[in-house]
Amino acid sequence: MNIKEFKKYKIPIIYFILSLIILIPISSNKYFFLLDTLPKLNNQIFIMHFYGFFVPSYGGTLPFDILSNLIPADVFQKLLLLFILFFSGFSAYSLAKKLTNSEVGSFYAGILYMINPYTYIRIIVGHWLILFAYSLLPLGIKYFIELLENRDKRSIIKATLITSLIAFNAHTLFMAFMAYGIILIIKLAREKSIKLLKPVGLFSISFTVLNLYWLIPLLTAKSSSLVNYITIHDLYVFAPKIDSFSALFTLASMYGFWRPAYTYAKDYLPFWEILFVIIFFLSIHGFISYYKNKKVNIYIISFALIWLTGLLFATGVTGPFKDIFQFLFDNIFILKGMRDTHKFVTLIALSYSILGAFGLKEIIENIKSDKIKKAVVVFFILVPLIYSFTFFNAFDNQIKPTDYPKDWYQVNTFLNKDKDDFNILFFPWHLYMDIHWVPNKDKRIANPAQTFFDKYVISAKNIEVPGIYTEVYTPYQNYINHILQNKDRIENFGSLVAPLGVKYILLTKEVDYKNYNFLFKQKDLKLILETKNFYVFKNERYKGKIYSVEGIKYVKNFDELINLSNKEDISKELILIGNGTNKASDKWKPLNYKEINPAKYVIEDKPLKYIIFTNEYSKDWVLNGKKPLNAYGVVNAYEIKENENKYIITYERFYKVCLPSYIISLISLMLCIVCLIKEKLNLKTK
């Protein structure tokens, strides 16, 4: 690279070097274990997502799952964090450069957008998908502005593609559309013409079609989606933590994350409020200096409104806008996914960056002395770096990469030696746990079992925050919750979980594991392995993933099912909850089958009267087109007719909903890329 090229790319190079400096203290060949970020060492999440067994409520994460499945976990984590840091700076710089045409002001914008209290805490807690979309948000706004200015096919496609990347996280996508909407409204008011609506309409259509791969599965998902169980109580549980004067000041200063378990730069800086006032002053100065400028005042006013909107929503139920926010929360369904209102600080940080770029530009342009100019630039660049200086010491030594203990690998190898197709039940039954071998200051992380073990893991989804035990009410979760509530009167736990396809139960020696001593007293469980961190039990009542029974029995509820399990092996019969005629028989047999893919199984044996398929119950699991019976209230069962001679179990939702939407989105992506290339070639020929 020659000097000319270096000058051209010096700002991106500086952002890249700065990103590396932040990463070096926490870089190793080990993994990050954070509150909501874990290394994915298997393809379990990808399979569950791709085949539609669960639908993420928070955007188009499927491409992420694919990438994390292809790239080694330790490499993927480092690359993702590097991407977040670099593009946060570069994309804010690009947007500011377009609007201000000021190299210095734009450089400041990138520094502030990359390094601030919001990105700091979201990195520590592992909200990296949110930050991935955050890092691209300024580019999305830049391309949307170009769409409004140029109104051509190329601009529409560029805005569509970058917004589709932002859509990897629905929270940030929602904020992106808020920003787009504000800019569009201000521009419409200025031009007093609806011609702008045509390119915006085309953009909306192209974005929708390209994102059908996650929109259709989400919009057609069952009403039991997590968002449906979020109430006003969640807003108070996840409300911003106010620790600086007031809610408005705390959120305006880009602090206020709801969980008080972390240290910040402000904990060491007695003058941190002064640094914030300087950042705030620069933004206000940018607004005052340019809001009457006809060339850019559309954007000045827009970003002032974006800041105000971000502050209104960020304070949620803690600030003076409480009643307004609560009304919007009750009446706008999508807002239920934004219960952690601190996420709206995204819009505040964005506005400070852009308005601050204008403010610094104005100050520099009015200084004649080059020495003073340089001193002023250095001063204002240093302010955000000092304001969040803990980026540079391994996030105040709160993030320390590590590996799983050796016996986690030992247990996984042991389980893999068993060639049966079975599920694992993992205890303790918590979604979040303090794990003693995690070296972070905050040892609480999401349960890592499902992303580690090669076999399918049934683990807890209960969040257990004050006043909220769980908001996930799937059949597996309901069933295990009820069993644990009655654990002291259970004698044959293995019989109860055999219909779930559970062959092994893992109890890791963390948190309240001693509360699971009842497992040692079960007649049908055998302790077969103990390590430093695990007890491994074998279920002696395991029947297989797909098996057949002759008898059927009805029980009134789970309590009656538990009582019955203490008397007999309930997995030898089909148990239905409700009323009906019992046809007792303990005749059963395992069935040979071929797994075509996780959404299709072909049974190769002649079954008895009923087939029990131990995947979690869903009406979408059909046998030869027949909907399943709800066996044990948890899994799928099918009654066999005499004239049936083939037995194919398929997950209809994958073939009827997911796969068609994937194909449409893939074709749309290819068309966008082809059109973009053609437009670029046309520009060159001109």
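Residues numbered from 1 in each chain as written. Predicted model: local features only at pLDDT ≥ 70, side-chain atom pairs only at ≥ 80, totals over all residues. Heavy atoms only, no water.

## What about the overall build of the protein chain?
Which entries qualify depends on this criterion: Here a strand is any run of E in DSSP of at least two residues, a helix any run of H or I of at least four, and the numbering for each starts at the N terminus. Here the term buried applies to any residue with accessible area under 20% of the maximum for its type, exposed to any over 50%, and partly exposed to those in between, with areas from a 1.4 Å probe on protein chains only. Contact definition: two residues touch when any of their heavy atoms are within 4.5 Å. When charges are counted, neither His nor the chain ends are considered; positive counts come from Lys and Arg and negative counts from Asp and Glu. In this description, the location of a charge corresponds to atom NZ of lysine, CZ of arginine, CG of aspartate or CD of glutamate.
Regarding its fold elements, the protein chain presents 25 helices and 18 strands. On the principal axes, the C-alpha backbone points of the protein chain span a range of 95 × 55 × 55 Å. For the protein chain, buried positions account for 59% of its 686 residues. The contacts in the protein chain between residues at least 6 apart in sequence include a share of 75% that link residues at least 24 apart. Within the protein chain, the 54 negative side-chain charges are centred at a point lying 8 Å from the centre of the 80 positive side-chain charges.

## Details of the pattern of salt bridges
Two side chains bearing opposite charge may form a pair once their charged atoms approach each other closely. This is how it is decided: The salt bridge criterion pairs a side-chain nitrogen of Lys or Arg with a carboxyl oxygen of Asp or Glu, the two atoms within 4 Å.
Applying the stated criterion to the full structure yields 27 salt bridges. A salt bridge links lysine 98 to glutamate 149, with the nearest nitrogen and oxygen atoms 3.0 Å apart. With lysine 98 in helix H4 (residues 73–100) and glutamate 149 in helix H7 (residues 128–150), this pair connects stretches of sequence that are 51 residues apart. Between glutamate 644 and lysine 626 there is a salt bridge, with the nearest N and O atoms lying 3.1 Å from each other. Of this pair, glutamate 644 sits in the loop between strand E17 (635–639) and strand E18 (647–651) while lysine 626 is found in the loop between strand E15 (621–623) and strand E16 (629–631), placing the two residues 18 residues apart along the sequence.

## Some remarks on helix H8 (residues 153–166)
Under the convention used in this document: To estimate how far a helix should reach, multiply one less than its number of residues by 1.5 Å.
With 14 residues, H8 extends 20 Å from end C-alpha to end C-alpha; this agrees with the ideal 20 Å at 1.5 Å per step. Counting buried residues along H8, ten of its 14 residues qualify, which places the element largely inside the surrounding structure. Of the residues making up H8, those classed as buried are Ser155, Ile156, Ile157, Lys158, Ala159, Thr160, Ile162, Thr163, Ser164 and Ile166.

## A word on the packing of aromatic side chains
Aromatic ring pairs: the centre-centre distance and the angle between the two ring planes describe each pair. Put simply, the test is: By convention, a stacked pair of Phe, Tyr or Trp rings (six-membered ring in the case of Trp) has centres within 6.5 Å and planes under 30 degrees apart, an edge-to-face pair has planes over 60 apart, and any other such pair is tilted.
Under the counting rule described, the total for this entry stands at 90 aromatic pairs. Between tyrosine 120 and tyrosine 264, the aromatic rings sit 5.8 Å apart at their centres with planes inclined by 50°, giving tilted as the arrangement. Taken together, the residues span a long stretch of sequence, with tyrosine 120 in helix H6 (residues 117–124) and tyrosine 264 in the loop between helix H13 (247–252) and helix H14 (272–290) at a distance of 144 residues. On the basis of relative accessible area, tyrosine 120 is assigned to the buried category, the value being 1%.

## Details of the pairing of E18
Within a regular beta strand, the side chains point alternately toward one face of the sheet and then the other, so they alternate between its two faces. Where we set the bar: We treat two strands as partners when DSSP finds at least two bridges between them.
Summarising burial for E18: four of the five residues are buried, a large majority. In terms of strand pairing, strand E13 (residues 600–603) meets E18 through four bridges, oriented antiparallel. Considered in E18, the bridge of isoleucine 603 is made with tyrosine 647. Summarising the sheet, E15 and E18 pair through three bridges and their orientation is antiparallel. Paired with leucine 623 across the bridge in E18 is isoleucine 649.

## Brief notes about the state of the cysteines
Quick reminder of the rule: Disulfide: a pair of cysteine sulfur atoms within 2.5 Å of each other.
Evaluated as defined, the whole model comprises zero disulfides. For cysteine 672, which is in no disulfide, the shortest distance to another cysteine sulfur is to cysteine 675 and amounts to 6.8 Å.

## A look at the environment of lysine 503
Threshold: As used in this structure description, the phrase polar contact means that two N or O atoms lie within 3.5 Å; if the pair is within protein, one of them must be able to donate a hydrogen and the other to accept it, and residues adjacent in sequence are counted only when both atoms belong to side chains.
Tracing the backbone shows lysine 503 in strand E5 (residues 502–508). It is 10.0 Å that separates the C-alpha atoms of lysine 503 and aspartate 418, two residues lying 85 residues apart in sequence. Side-chain polar atoms of lysine 503 contact the side chain of aspartate 418, separated by 2.8 Å.

## Thoughts on the packing of helix H17 (residues 345–365) against helix H18 (residues 370–387)
Condition: The axes are straight lines fitted to the C-alpha atoms, using for helices just the contacting stretch, and the angles between their N-to-C directions are given from 0 to 180°. Small angles under 35 degrees read as roughly parallel and large ones over 145 as roughly antiparallel, with 65 to 115 read as roughly perpendicular and the rest as oblique. Crossing handedness: left-handed means the near helix sits turned counterclockwise from the far one by under a right angle, and right-handed means the same turn made clockwise. Residues are grouped as follows: Ala, Val, Leu, Ile, Met, Phe, Trp, Tyr, Cys and Pro are nonpolar; Asp, Glu, Lys and Arg are charged; all remaining types, including Gly, are polar.
At a minimum axis distance of 10 Å, the contact between H17 and H18 shows a crossing angle of 160°. When the axes of H17 and H18 are compared, the pair comes out roughly antiparallel. Crossing hand, H17 versus H18: right-handed. Here Leu360, Ile363 and Ile364 of H17 lie close against H18, whose contacting residues are Lys373, Val376, Val377 and Phe380. Partitioning the contact of H17 with H18 into residue classes produces six nonpolar, no polar and one charged.

## Comments concerning the sheet that holds strand E1 (residues 423–427)
If you walk across this open sheet you meet the five strands as E4-E1-E5-E7-E6, and the pairing is mixed. A single partner strand is all that each edge strand has here, and the edge strands are strand E4 (456–458) and strand E6 (525–530). On average, each strand axis in the sheet is tilted by 30° relative to the strand beside it, whichever way the strands run. This element, helix H22 (residues 475–485), spans E1 and E4 of the sheet and lies at about 50° to E1.

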